[in-house]
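Below, each chain spelled out in residue letters.
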Amino acid sequence: MQLLHIDSAITGTVSVSRQLTAQTVAAWLAAHPGTQVQYLDLVTQAPGHFTMDAMAPRTGQTEGLSETQLRENAVSEQLVSQFLAADVIVVGAPLYNFGIPSQLKAWIDRIAQPGRTFRYTATGPEGLAKGKTVIVASTRGGVYSTSEMGRAMEHQESYLQTVFGFFGITDVRFVRAEGVAMGPDAKALALSSAERDIQAHTAISANQGAMTQAA
């Protein structure tokens, strides 16, 4: 089994999402020995934001590509191949300005490739990355899940659920710590809740969650 561990928080060693992804990966390895891990830090290894040079090969253009287009296509190819090879993806996704970090969005833009992670059919889009499990370490300075206004302002978990679903991934699990900037007691409570999420989500085998939902 292959696990891809992704971090995107800009806050380094004080990052709560980085702490939670590390705990999630460790718990997964304890529950599923033999899992092989690849690590991708989207801060130190951030792909460039999506441009027309990166887009060109996806439009069907194969002749006359510039050096820049070839280089950008190589970056996208490396990232989508790494993603497709993984059975489990653990993603650190802090809430920045009501959404995800731009580094994580840049990664998603690179792996969202027609013919690789999705395709359009006569009956609509079809995801091509089926059978994977995604575990998202979702961290928030405030509390968004307990009110209608908070849920309306949140474009982090909702976006990731949508985009991974578009890729055909139905087993998306969330390890959530919210209220981490609301004082020591609130942070401790959030981390305790997240640790329970970690234990619950890593005890389940890859894609078993999707099968349970379908049952």
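Going by the annotation in an unreviewed UniProt entry, the name recorded for the protein is FMN dependent NADH:quinone oxidoreductase, with Paracidovorax wautersii given as the source organism. If you open the UniProt record of the protein and go to Sequence similarities (unreviewed entry), you find "Belongs to the azoreductase type 1 family."

Visitor: How should the pairing of strand β1 (residues 2-7) be read in this particular structure?
Guide: Regular strands place their side chains on alternate faces of the sheet. Of all six residues that make up β1, five are buried, and the element is covered over most of its length. Note that β1 and strand β2 (residues 36-41) share six bridges and pair parallel. Each bridged residue has a counterpart across the sheet, and for His-5 the counterpart in β2 is Tyr-39. Each parallel crossover has a hand, and for β1 linked through helix α1 (residues 16-31) to β2 it is right-handed.

Visitor: For this particular structure, what's the right way to read the pairing of strand β3 (residues 88-94)?
Guide: Of all seven residues making up β3, seven are buried, and the element is well covered by its neighbours. Of the two faces of β3, both are covered, the one formed by Val-88, Val-90, Gly-92 and Pro-94 as well as the one formed by Ile-89, Val-91 and Ala-93. Here β1 runs beside β3; their pairing, made up of four bridges, is parallel. Paired with Leu-4 across the two strands is Ile-89, which belongs to β3. Bridge count between β3 and strand β6 (residues 133-140): seven bridges; the pairing is parallel. When the sheet's bridge partners are listed, Val-91 is paired in β6 with Val-136.

Visitor: I would appreciate a short explanation of the UniProt feature "binding site: FMN" (unreviewed entry) in the protein in the present structure.
Guide: Here, the residues flagged by UniProt with the feature "binding site: FMN" (unreviewed entry) are Ser-15, Val-16, Ser-17, Thr-139, Arg-140, Gly-141 and Gly-142. For Ser-17, the position within the fold is in helix α1. By relative accessible area, Ser-17 is classed as buried at 1%. Assignment of secondary structure puts Gly-141 in the loop between β6 and α5 (148-153). Residue classification places Gly-141 among the partly exposed residues on the basis of a relative accessible area of 31%.

Visitor: Looking at this structure, I do not really get the packing of helix α4 (residues 102-111) against helix α6 (residues 157-166). What am I missing?
Guide: Two numbers describe how α4 lies on α6: the axes approach to 12 Å, and their chain directions differ by 15°. Taken as axis vectors, α4 and α6 run roughly parallel relative to one another. When the axes of α4 and α6 are compared, the crossing they make is left-handed. Contacts from Leu-104, Lys-105, Trp-107 and Ile-108 in α4 reach Tyr-159, Leu-160, Val-163 and Phe-164 in α6. When its residues are assigned to classes, the contact of α4 with α6 shows seven nonpolar, no polar and one charged.

Visitor: Help me understand the pattern of salt bridges in this model?
Guide: Any two side chains of opposite charge can pair, given that their charged atoms come close. Throughout the structure, instances matching the rule amount to twelve salt bridges. Here Lys-105 ties to Asp-109 by a salt bridge, and the two come within 2.8 Å at their closest N and O atoms. With Lys-105 and Asp-109 both in helix α4 and four residues apart, the pair spans about one turn of that helix. Across the pair Glu-154 and Arg-140 runs a salt bridge, and its minimum N-O distance is 3.9 Å. Taken together, the positions of Glu-154 in the loop between α5 and α6 and Arg-140 in strand β6 put the pair 14 residues apart, joining distant regions of the chain. Note on Glu-154: relative accessible area 10%, which makes it buried. Three or more residues joined by partner-sharing salt bridges are found here, namely Arg-140, Glu-154, Glu-157, Arg-176 and Glu-178.

Visitor: Explain the nonpolar core here, please?
Guide: Taken as a class, soluble globular proteins show a tendency for nonpolar side chains to be buried jointly. If you look at the biggest cluster of nonpolar residues, it comprises 27 residues, and the most contacted ones within it are Phe-83, Leu-104, Trp-107 and Phe-164. Mapped onto this core, the elements with two or more residues apiece are β1, α3 (67-85), β3, α4, β6, α6 and β7 (171-178). Ranked by residues supplied to this core, first place goes to α4 with four residues. Counting residues in each nonpolar core, the second largest holds 17 residues, with Val-88, Ala-177, Val-180 and Ala-194 among its members.

What counts and what doesn't
Residues numbered from 1 in each chain as written. Predicted model: local features only at pLDDT ≥ 70, side-chain atom pairs only at ≥ 80, totals over all residues. Heavy atoms only, no water. UniProt positions renumbered as here; feature names shortened; annotations may be inferred. Buried < 20%, exposed > 50% of the residue type's maximum accessible area, 1.4 Å probe, protein only. Helix = DSSP H or I, 4+ residues; strand = E, 2+ residues; numbered from the N terminus. Pairing = 2+ DSSP bridges. Right-handed = clockwise from strand over helix to strand, strands pointing away. Axes fitted to C-alpha atoms, helices over the stretch in contact; angles between N-to-C directions. Parallel < 35°, antiparallel > 145°, perpendicular 65-115°, else oblique. Left-handed = near helix turned anticlockwise from the far one by under 90°. Contact = heavy atoms within 4.5 Å. Nonpolar A, V, L, I, M, F, W, Y, C, P; charged D, E, K, R; others polar. Salt bridge = Lys/Arg side-chain N within 4 Å of Asp/Glu carboxyl O. Core = buried A, V, L, I, M, F, W, Y, C linked by side-chain atoms within 4.5 Å.

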